[in-house]
Amino acid sequence: MVPGILAPEIVGLNPSEQLNFADLDRYGINVLTSYFKSALSHNDLILMNYNQLPNVIWEEFANFLSISFTKEEMERMKSRLSRHSKRSYERFVEKTTDPDGELPADMQVLNTLYNRLEHKRLNQNKHFFAQD
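Quick caveat: nothing in here was measured; it's all calculated off a predicted structure.

### Topic: the overall build of the protein chain
Within the protein chain, the regular secondary structure consists of 4 helices and 0 strands. Sorting the 132 residues of the protein chain into buried and exposed places 25% on the buried side. Summarising the internal contacts of the protein chain: among those between residues at least 6 apart in sequence, 57% fall at separations of at least 24. With the model as given, the accessible surface of the protein chain reaches about 10300 Å², and the carbon-plus-sulfur share is 53%.

In structure tokens, the structure reads:
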């Protein structure tokens, strides 16, 4: 997320509030908080956890949309998704970090919202991705 590329109201921020674009972490937290709150207020979304990708696309979501893929299409998708999105010549490698110690207050709020979304996703997916 790059501050200032989109108008604050587009990313759910109050344009009258003073935004400190130099604090990238705070900006990202504010944008994600806005997105998470918005998602929690809607009941017509199909929520997916990043950890479900990419398999959820062809295992569940395509069926939900009544889309079928040929063997060749599946192989092409899987091949492309194994490479970095911006540097397609590189294999994709997940980078993870574990936070040290207690989360700051704004991250605790974001984490609480995330957990509520995850709970909602698990319950919604029983409806959206119900097996016949």
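Here the narrative resumes.
### What about helix α1 (residues 24-40)?
The first and last C-alpha atoms of α1 sit 24 Å apart over 17 residues, in line with the 24 Å expected at 1.5 Å per residue. Every buried residue of α1 is listed here: Tyr 27, Gly 28, Ile 29, Val 31, Thr 33, Ser 34, Phe 36, Ala 39 and Leu 40.

### Topic: the confidence of the model for the protein chain
Looking at the protein chain, pLDDT values average 84 and 87% of them are 70 or higher. Ranking the elements of the protein chain by mean pLDDT puts helix α2 (residues 55-64) last with 86 and helix α3 (residues 71-81) first with 92.

### A short note on the pattern of salt bridges
As enumerated under the stated definition, the model contains 3 salt bridges in all. Across the pair Arg 87 and Glu 90 runs a salt bridge whose closest N-O atoms are separated by 3.0 Å. Between Arg 121 and Glu 118 there is a salt bridge whose closest N-O contact spans 2.5 Å. In this pair, Arg 121 and Glu 118 both sit in helix α4 (residues 105-128), 3 residues apart, roughly one turn of the helix. You'll find Arg 121 and Glu 118 in the same group, each marked buried.

### A closer look at the nonpolar core
Among the nonpolar cores identified, the biggest contains 8 residues, and these are Ile 29, Phe 36, Ala 39, Leu 40, Leu 47, Leu 110, Leu 113 and Leu 117. For this core, the secondary structure elements donating two or more residues are α1 and α4. Per-element accounting of this core gives the leading share, 4 residues, to α1.

### Considering the side chain of Asn 49
One can find Asn 49 in the loop between α1 and α2. Since its relative accessible area comes to 11%, Asn 49 is described here as buried. Of note is the side chain of Asn 49, whose polar atom sits 3.0 Å from the side chain of Glu 118.

### Some thoughts on the packing of aromatic side chains
Using the criterion set out here, one finds 2 aromatic pairs in the structure. Ring centres of Phe 36 and Tyr 114 lie 6.5 Å apart, and the angle between their planes is 45°; this geometry places the pair in the tilted category. Of this pair, Phe 36 sits in helix α1 while Tyr 114 sits in helix α4, and the two are 78 residues apart along the sequence. When its relative accessible area of 17% is taken as the criterion, Phe 36 is described as buried.

The rules we used
- Residues numbered from 1 in each chain as written.
- Predicted model: local features only at pLDDT ≥ 70, side-chain atom pairs only at ≥ 80, totals over all residues.
- Heavy atoms only, no water.
- Helix = DSSP H or I, 4+ residues; strand = E, 2+ residues; numbered from the N terminus.
- Buried < 20%, exposed > 50% of the residue type's maximum accessible area, 1.4 Å probe, protein only.
- Contact = heavy atoms within 4.5 Å.
- Areas by Shrake-Rupley, 256 points an atom, 1.4 Å probe, with all protein chains shown as cover.
- Expected span 1.5 Å × (residues − 1).
- pLDDT = per-residue confidence, 0-100.
- Salt bridge = Lys/Arg side-chain N within 4 Å of Asp/Glu carboxyl O.
- Core = buried A, V, L, I, M, F, W, Y, C linked by side-chain atoms within 4.5 Å.
- Polar contact = N/O pair within 3.5 Å; in protein donor to acceptor, adjacent residues only side chain to side chain.
- Phe/Tyr/Trp six-rings, centres within 6.5 Å; stacked < 30°, edge-to-face > 60°.

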